[in-house]
Amino acid sequence: MVKSLFGRQHKEIPLLKVNDELIDDREKMADIFNVYFSDQSNIDDSNVQLPNLEKFTSELTTIEITEKDVEDILLNLDTSKAIGPDCVSPRLLKEAIKSWNSQTNELQNSPSLLAFKNNFRSNREIKPVFYYCGSRSGQIYHARIRMNCSGLNKHLYDRNLIQSPKCVCGDPETTDHYLLKCKIFNVPRQRHIHNLQIPIKISTNVLLFGSDRLTVEQNILIFKAVQNFIISSNRFTSTIK
Ligand SMILES: [Zn+2]
């Protein structure tokens, strides 16, 4: 009933009664509250003598903090606590400290975030150059097979995307089956893979990763041959341009 009397405008905020006066201006109400609450915590100290505290005489001349000390403190952080004024989550600090301490001094002291990212990338294990040979689509198909996430039925089956891992020929369509065994792809295999002139036995592993017993040029031959085999087998729908 009161709400209906005062209308819709201030139905959420009740009026304030001060000295028999009803206040409905929100700013005035806020000021009144401000004055009231700050009055509660103001202490009149105009006639109070400040205590005479003794000057401290001892001081810390040096302090030694090791990486291990910092690591120990961070590893004991309570991750259920809220983030501090630095806006870094205690969980991140706790989980990242070991990884951070394992980086080189140069990387840790990178002058900027961009420099840090670039240094970090160049510190990571570098892929052999022959991973970058051939065509873009060939590289992508090859890499997908290498990472077991290609369109081969065994790879799709392992990710619960299809009901059966079998090839059209009836055998499970594994990487080994596709690259080296399936009769359906005998012609492109003969042309591209069996014709390879390399001094070691051809295996699935060599076809996917190359070999450190071979020269870069020989590994490039292998990678290009496998990519050509994949593309000319037409096994995968060409969606890569
Ligand atoms: Zn087959």
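Residues numbered from 1 in each chain as written. Predicted model: local features only at pLDDT ≥ 70, side-chain atom pairs only at ≥ 80, totals over all residues.

- Named according to an unreviewed UniProt entry, the protein chain is Reverse transcriptase domain-containing protein originating from Mytilus edulis.

**Structural notes on the overall build of the protein chain**
Then, in step 1: Helices and strands together make up the secondary structure of the protein chain, namely 12 helices and two strands.
Then, in step 2: Listed N to C, the secondary structure of the protein chain is α-β-β-α-α-α-α-α-α-α-α-α-α-α in terms of helices and strands.
Then, in step 3: A compact globule built from 241 residues would reach a C-alpha radius of gyration of about 18 Å, whereas the protein chain, at 36 Å, exceeds it by more than 25%.
Then, in step 4: With respect to the principal axes defined by its C-alpha atoms, the protein chain has extents near 100 × 70 × 30 Å.
Then, in step 5: Taken across its 241 residues, the protein chain has 13% of its residues classed as buried.
Then, in step 6: For the protein chain, the share of sequence-separated contacts (at least 6 apart) that also reach a separation of at least 24 residues comes to 42%. (Helix = DSSP H or I, 4+ residues; strand = E, 2+ residues; numbered from the N terminus. Rg over C-alpha atoms; globule rule 2.2 N^0.38 Å. Buried ≥ 20, exposed ≤ 12 C-beta atoms within 10 Å, placed from the backbone. Contact = placed C-beta atoms within 7 Å.)

**Remarks on helix α2 (residues 26-41)**
Then, in step 1: For α2, spanning 16 residues, the distance from its first C-alpha to its last is 23 Å, which sits close to the expected 22 Å at 1.5 Å a residue.
Then, in step 2: Little of α2 is tucked away: zero of the 16 residues are buried. (Expected span 1.5 Å × (residues − 1).)

**Some remarks on the environment of Arg-189**
Then, in step 1: Tracing the chain through its elements places Arg-189 in helix α10 (residues 186-192).
Then, in step 2: Each C-alpha atom, one on Arg-189 and one on Ala-225, is 9.1 Å from the other, the two residues being 36 residues apart in sequence.
Then, in step 3: Those residues in contact with Arg-189 that sit more than four places away from it in its chain are His-194 and Phe-229.

**Here we look at the confidence of the model for the protein chain**
Then, in step 1: Across the protein chain, pLDDT averages 86, with 93% of residues at or above 70.
Then, in step 2: Across the protein chain, helix α9 (residues 175-181) holds the top mean pLDDT of 97, while helix α1 (residues 2-6) sits lowest at 54. (pLDDT = per-residue confidence, 0-100.)

**A few points about the environment of Thr-215**
Then, in step 1: Within the element layout of this structure, Thr-215 appears in the loop between α11 (204-209) and α12 (216-233).
Then, in step 2: Spatially, the C-alpha atom of Thr-215 lies 9.9 Å from that of Ile-198, the residues being 17 residues apart in sequence.

**So, the packing of helix α7 (residues 136-146) against α12**
Then, in step 1: It is at 9 Å that the axes of α7 and α12 come closest, and there the two elements cross at 90°. Classified by the angle their axes make, α7 and α12 are roughly perpendicular. Each of Ser-137, Gly-138, Gln-139, Tyr-141 and His-142 in α7 lies in contact with α12, whose residues at this interface are Phe-223, Val-226, Gln-227, Ile-230 and Ile-231.
Then, in step 2: Here the residues of the contact of α7 with α12 sort into five nonpolar, five polar and no charged. (Axes fitted to C-alpha atoms, helices over the stretch in contact; angles between N-to-C directions. Parallel < 35°, antiparallel > 145°, perpendicular 65-115°, else oblique. Nonpolar A, V, L, I, M, F, W, Y, C, P; charged D, E, K, R; others polar.)

**With respect to unusual backbone geometry**
Then, in step 1: Phi at Asn-148 takes a positive value of approximately 55°, unusual for a residue other than glycine.
Then, in step 2: In this structure, Asn-148 sits in the loop between α7 and α8 (153-158).
Then, in step 3: We classify Asn-148 as partly exposed; it has 14 C-beta atoms within 10 Å.

**Focus: the nonpolar core**
Then, in step 1: Residues Tyr-178, Ile-222, Val-226 and Ile-230 are the most contacted members of the largest nonpolar core, which totals 17 residues.
Then, in step 2: When contributions to this core are tallied by element, the ones reaching two or more residues are α7, α9 and α12.
Then, in step 3: The greatest single-element share of this core, amounting to seven residues, is contributed by α12.
Then, in step 4: Sequence-distant contacts of Ile-230, defined by excluding residues within four places in its chain, comprise Gly-138, Tyr-141, His-142 and Arg-235. (Core = buried A, V, L, I, M, F, W, Y, C linked by C-beta atoms within 7 Å.)

**A closer look at α12**
Then, in step 1: The terminal C-alpha atoms of α12, which comprises 18 residues, lie 25 Å apart, in line with the 26 Å expected from a rise of 1.5 Å per residue.
Then, in step 2: Residues of α12 that are buried: Asn-219, Ile-222, Phe-223, Ala-225, Val-226, Gln-227, Phe-229, Ile-230 and Ile-231.
Then, in step 3: Of the surrounding elements, those touching the buried residues of α12 are α7, α10 and α11.
Then, in step 4: Asn-234 sits one or two positions beyond α12 and adopts a positive phi of about 55°.

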